[in-house]
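Single-letter residue listing:
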Amino acid sequence: MPILVFVSLFTLLDFVILFSIGSQIGLLMTLLLVIGTGVVGLHLIRKEGVATFARARQRMQAGEIPSNELFTGAALIFGGALLMAPGFLSDALGLACLVPNARRLLFKLLTALGLKVSTHRTTGHDPSWASHQDEPRYRHSESASSTEKPEGPIEGDFISRDEPKHRG
């Protein structure tokens, strides 16, 4: 609920600033500025995005999780969305998400506020995670401890949704 209030207040403040500045500089200039920031933002996203994905690919090939690159990619997407929104406040925040030094500052701020980013290495495939990643209500059986991992494949029946349940 607090995030909804924050987004609503931010949007309201953004439109108040947009209309206030628009009444001072005129409709045509306001439209040119809003469209111009969108074009500049898209250009910066393309430029920064290609470099970020190249760094992420290198770290993944080295066997590391590219947490900084994932944060950078998320900041670029968020910044691009803000630049596409009409308003000068959202444009300013969107441009801040696209500038590398401002992103680092934002990353430090979010880390200080309690956002934890894990930077562990992956060594292989964990079948227990993959088989239950889409099942939010999955519970371990009472006899198995939470640290036990299956030794081999789990036996069971498989019924495809495309096949009829009863064959005649």
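Residues numbered from 1 in each chain as written. Predicted model: local features only at pLDDT ≥ 70, side-chain atom pairs only at ≥ 80, totals over all residues. Heavy atoms only, no water.

Q: How should I be thinking about the packing of aromatic side chains in this particular structure?
A: To describe a pair of aromatic rings, you give the distance between the ring centres and the angle between the ring planes. For the coordinates displayed, the defined rule picks out three aromatic pairs. When the centroid spacing of 6.0 Å and the interplanar angle of 25° are considered together, the rings of Phe15 and Phe19 count as stacked. Of this pair, Phe15 and Phe19 are both found in helix H1 (residues 2–25), four residues apart, which corresponds to roughly one turn of the helix. Its relative accessible area of 34% is what places Phe15 among the partly exposed residues. (Phe/Tyr/Trp six-rings, centres within 6.5 Å; stacked < 30°, edge-to-face > 60°. Helix = DSSP H or I, 4+ residues; strand = E, 2+ residues; numbered from the N terminus. Buried < 20%, exposed > 50% of the residue type's maximum accessible area, 1.4 Å probe, protein only.)

Q: Can you walk me through the UniProt feature "transmembrane region" (unreviewed entry) in the protein in this structure?
A: In the numbering used here, UniProt assigns the "transmembrane region" (unreviewed entry) feature to residues 28–46 and 67–89. Secondary structure across residues 28–46 comprises 100% helix and 0% strand; the distance between its end C-alpha atoms is 27 Å. As annotated, residues 67–89 comprises 87% helix and 0% strand, and the C-alpha atoms at either end are separated by 28 Å. (UniProt positions renumbered as here; feature names shortened; annotations may be inferred.)

Q: What am I meant to see in the environment of Glu69 here?
A: Take Glu69: it is sitting in helix H3 (residues 67–84). A residue is classified by how much of its surface remains accessible, and Glu69, at 12% relative accessible area, is buried. Apart from the residues within four sequence positions on either side, Glu69 is in contact with Thr52, Arg55, Ala56 and Arg59. (Contact = heavy atoms within 4.5 Å.)

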